[in-house]
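Listed below, chain by chain, are the residues.
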Amino acid sequence: MQELTTTRHNLHIDPTMTVWGWEIPVYLFLGGLVAGMMIISGYFIFSQRYKKTNCVTYVLPIISIVLLSIGMFSLFLDLEHKLYVWRLYTTFRITSPMSWGAWILILVYPVIVANLLMDPPKFIANKFPQLQKVKDYIHQRPMLIKNIGVGNMLLGGMLGVYTGVLLSTMGSRPLWNSSMLWVLFLVSGLSTAAAFVHMIAANVEERELLAKADNGFLTIELFVLALLIIGLSTSSAVHISAAKLLVSGIFAPAFWVFVVGLGVVIPLIIQLNAVNHKIKHTPIAPILVIIGGLILRFIIVQAGQYSHYLNAHFK
Amino acid sequence: MARFGMVIDTKKCVGCMDCVVACKTENNVPEGYNRDWIVTVTNGKFPDTTLEIQSQRCNHCDNTPCVSCCPTGASHIHDVGNVVLVDHEMCIGCKACVAACPYDARFIHPDGYADKCTFCIHRVEKGELPACVSVCPTHCMYFGDLDDPNSEVSKLLASRKNHPLMPEAGTSPRIFYLI
């Protein structure tokens, strides 16, 4: 038997760490969702699908800007020394994923804006008629359009990957310390984005294409979730203990019901039937995928903070 | 360059918490927070039990996940004694270092920056001992240069059985407990 007693009672540290509240999961979710939308939009531009009528690629940039800004505001709310936020941009720390993320976010905005300028929304175009010249300039240059597509896919990929790397570099938290985490967050970002886009797409062909793509992403997500748990379960004692938090521990009910069940398996079954025309296209499945993606971020962030070298000996 | 560390004799420590009070007073640690604390470890099965009282704080590790994850460079390794410090004016309070520490030795000060033990570097630079070491009534705490083979800490580590905390976390902590 081993018993530990401590006199420490630091706020948000003891008895278990809760320094990151709702702000970080919301940011990670919105970051992943925007990353997925950038990749989808970039692909539609690169593959010339943007020429088709009602192409969803024209509505994605403005949605991306709004969602990413909400995410960044949420990140800002999480900072305890808010007035010093500018310090992020006076340096670049190569070993800090958060520093990488701060600079990636700065690069993401111009790339989304370039996408937006291909066909600015009416409420913006009416206020700034000179944007028509920019639009004409872009549309006269097919290579520039391809580069905008590639830029969106590239930066979207970096954004999606970084949200996972941010957590996985922390060796102190065994649950996060997995090389599968960035793959999980990238695939989850793609699945939630595909779900969101096929929910709002006006073009029926696109809607079907994205529903099929979403089924692919959800299937991959299931495998990645399995690999994450298998990877942790076959590692050291602290990692096994971390895996148990999700499989059979206090986070297990939320993980199995909201992430695996309602977030992946059930929408996958609904969407498989929808793309095979057995049932009508329904927004229920994509809504479940989006909520599942959000809950996944909450569970990973909270369970990760809970997982600890010491807890492994006592749980 | 010196590499400051600490050696704590668990055979002498009685867990009186003088070190805790001294730290709070010396460093104006706000109410409800601790830069150092006492952990009591009981091992074994009755009647064969052992008791170890540990005065714990930031381990000023050689491998510092808290420094490498800091996005602004606020968490840094000080020139004097390789002590791990936080520059309050550069810290944005992102809490990455708090999550990155396997010892949970950091916390967010009510003023918004990450805070922790500094080995009382302001005293050490004046040739004094850290406050916790200087007040210990049983003289169970020793502070010095781990790279100097003639320092008291090095001699104690060479002559007595000892262990750091959670070496499996891989951070090479610089506080050792004599057993």
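Chains are numbered independently. Their residues run from 1 in the order of the written sequence. Lettering of chains starts at A and numbering of ligands starts at 1, both following the order in which they are written. Where local features are concerned, this predicted model is filtered to residues with pLDDT of at least 70; where side-chain atom pairs are given and counted, the filter is 80 or more; whole-chain, interface and lining totals use all residues.

Remarks on the overall build of chain A
To keep it simple, the criterion reads: Helix numbering and strand numbering both begin at the N terminus, where a helix is a DSSP run of H or I of at least 4 residues and a strand a DSSP run of E of at least 2. What the globule rule says is 2.2 Å times the number of residues to the power 0.38, and the radius of gyration is computed from C-alpha atoms. Here a residue counts as buried when 20 or more other C-beta atoms sit within 10 Å of its C-beta, as exposed when there are 12 or fewer, and as partly exposed otherwise, the C-beta atoms being derived from the backbone. For every residue pair, C-beta atoms are placed from the backbone, and the pair is scored as a contact if these atoms sit within 7 Å.
Helix and strand counts for chain A come out as 12 helices and 1 strand. Starting at the N terminus and walking to the C terminus, you meet the elements of chain A as β-α-α-α-α-α-α-α-α-α-α-α-α. Computed over its C-alpha atoms, the radius of gyration of chain A comes to 21 Å, within 12% of the 20 Å expected for a compact globule of 315 residues. Along the first, second and third principal axes, the C-alpha set of chain A runs to 75 × 55 × 30 Å. Residues classed as buried in chain A amount to 48% of the 315 residues present. Excluding contacts between residues fewer than 6 apart, the proportion of contacts in chain A whose partners are at least 24 apart in sequence is 73%.

Let's talk about the overall build of chain B
From N to C terminus, chain B includes 6 helices and 10 strands. For a compact globule of 179 residues, the expected C-alpha radius of gyration is about 16 Å, and chain B comes in at 16 Å, within 12% of that figure. Its C-alpha atoms put chain B at 50 × 40 × 30 Å along the principal axes. Out of the 179 residues belonging to chain B, those deemed buried represent 45%. Residue pairs at least 24 apart in sequence account for 56% of intrachain contacts in chain B once pairs closer than 6 positions are excluded.

Here we look at the pairing of strand 2 (residues 37-45) of chain B
Which entries qualify depends on this criterion: Two strands pair under a simple rule: DSSP has to find at least two bridges between them.
Pairing analysis gives 5 bridges linking strand 1 (residues 2-6) of chain A to strand 2 of chain B, with the strands arranged antiparallel. Bridged to Leu4(A) within strand 2 of chain B is Val41(B). Between strand 2 of chain B and strand 3 (residues 48-56) of chain B, which pair antiparallel in sequence order, lie 2 residues.

Observations concerning the environment of Ala169(B)
With respect to the element layout, Ala169(B) can be found in the loop between strand 9 (162-163) and strand 10 (175-178). Given 23 C-beta atoms within a 10 Å radius, Ala169(B) is considered buried. As a C-alpha pair, Ala169(B) and Pro102(B) span 67 residues in sequence and 6.8 Å in three-dimensional space. In contact with Ala169(B), other than residues within four places in its own chain, are Gly171(A), Ser172(A), Tyr309(A) and Pro102(B).

Side note on the UniProt feature "transmembrane region" (unreviewed entry) in chain A
All names here are of chain A. To keep things clear, this is the line we draw: UniProt positions are given in the numbering used here, feature names are shortened, and annotations may be inferred rather than shown by experiment.
As annotated by UniProt and renumbered to match this structure, "transmembrane region" (unreviewed entry) occupies residues 24-46, 58-77, 97-118, 148-168, 180-204, 216-238, 250-270 and 282-300. The span residues 148-168 shows a helical share of 100% and a strand share of 0%, and its end C-alpha atoms are spaced 30 Å apart. Taken end to end, residues 250-270 has its terminal C-alpha atoms 29 Å apart, with 90% of it in helix and 0% in strand.

Some details on the packing of helix 1 (residues 23-46) of chain A against helix 11 (residues 284-306) of chain A
Residue and element names in this part refer to chain A. Heads up, the rule is: Inter-axis angles, ranging from 0 to 180 degrees, are taken between N-to-C directions of lines fitted to C-alpha atoms, where helices are fitted over the stretch in contact. Here the angle decides the label: under 35 degrees means roughly parallel, over 145 means roughly antiparallel, 65 to 115 means roughly perpendicular, and every other value means oblique. Each crossing is labelled by how the near helix is turned from the far one, with a counterclockwise turn of less than a right angle marking it left-handed and a clockwise turn marking it right-handed. All amino acids are sorted into three groups, where Ala, Val, Leu, Ile, Met, Phe, Trp, Tyr, Cys and Pro are nonpolar, Asp, Glu, Lys and Arg are charged, and the leftover types, Gly among them, are polar.
Between helix 1 and helix 11, whose axes approach to 8 Å, the crossing angle comes to 135°. Classed by the angle they form, the pair helix 1 and helix 11 counts as oblique. For the crossing formed where helix 1 meets helix 11, the hand is right-handed. Together, Ile24, Pro25, Leu28, Phe29 and Gly32 of helix 1 and Gly293, Leu294, Arg297, Phe298 and Val301 of helix 11 make up the contact between the two elements. In terms of residue class, the contact of helix 1 with helix 11 is built from 7 nonpolar, 2 polar and 1 charged.

Notes on the packing of helix 8 (residues 204-233) of chain A against helix 10 (residues 252-275) of chain A
Residues and elements named next belong to chain A. At a minimum axis separation of 9 Å, helix 8 and helix 10 run at an interaxial angle of 145°. In terms of crossing hand, the pair formed by helix 8 and helix 10 is left-handed. On helix 10, the residues that touch Glu208, Ala211, Lys212, Asp214, Asn215, Leu218, Thr219, Glu221, Leu222 and Leu225 of helix 8 are Val260, Val264, Pro267, Leu268, Gln271, Leu272, Ala274 and Val275. Classifying every residue of the contact of helix 8 with helix 10 gives 11 nonpolar, 3 polar and 4 charged.

Considerations on the confidence of the model for chain A
Convention followed: The pLDDT value tells you how sure the predictor is about a given residue, anywhere from 0 up to 100.
Here chain A averages 93 in pLDDT, while 98% of its residues score no lower than 70. Per-element mean pLDDT across chain A ranges from 62 in helix 12 (residues 311-314) of chain A up to 97 in helix 11 of chain A.

Regarding the sheet that holds strand 8 (residues 141-145) of chain B
All names here are of chain B. As summarised here, the arrangement of the 4 strands in space is 8-1-10-9, forming an open sheet in which the pairing is mixed. Every interior strand has two partners, whereas the edge strands, strand 8 and strand 9, have only one. Relative to the sheet, helix 6 (residues 152-159) contacts strand 1 (4-9), strand 8, strand 9 and strand 10, its axis offset from that of strand 8 by approximately 110°.

What to know about the sheet that holds strand 3 of chain B
Ordered in space as 1(A)-2(B)-3(B), the 3 strands form an open sheet in which the pairing is antiparallel. Edge positions in the sheet fall to strand 1 of chain A together with strand 3 of chain B, since each of these pairs with one other strand and no more. The sheet shows a mean angle of 15° between the axes of neighbouring strands, direction not considered. Alignment of strand 2 of chain B against strand 3 of chain B, held across 9 bridges, turns out to be antiparallel. The residue of strand 3 of chain B that forms the bridge with Val39(B) is Gln54(B).

Side note on the interface of chain B and chain A
In many analyses, interface size is given as the accessible surface area lost on bringing the parts together. Contacts between the two partners involve 42 residues from chain B and, on the opposite side, 35 residues from chain A. Among the elements that make up the side of chain B that touches chain A, the one with the highest residue count is strand 2 of chain B (9 residues). A breakdown of the residues in the side of chain B that touches chain A according to their chemical character gives 26 nonpolar, 12 polar and 4 charged.

Quick notes on unusual backbone geometry
Most of the time, phi is negative for any residue but glycine, and the peptide bond is trans. Note that the residue after Asp14(A), namely Pro15(A), is joined by a cis bond; omega there is 0°. Its place among the elements puts Pro15(A) in the loop between strand 1 and helix 1. With an omega of 10°, the peptide bond running from Phe46(B) to Pro47(B) counts as cis. The backbone of His277(A) shows a phi angle near 60°, a positive value even though the residue is not glycine. Mapped onto the elements, His277(A) comes out in the loop between helix 10 and helix 11.

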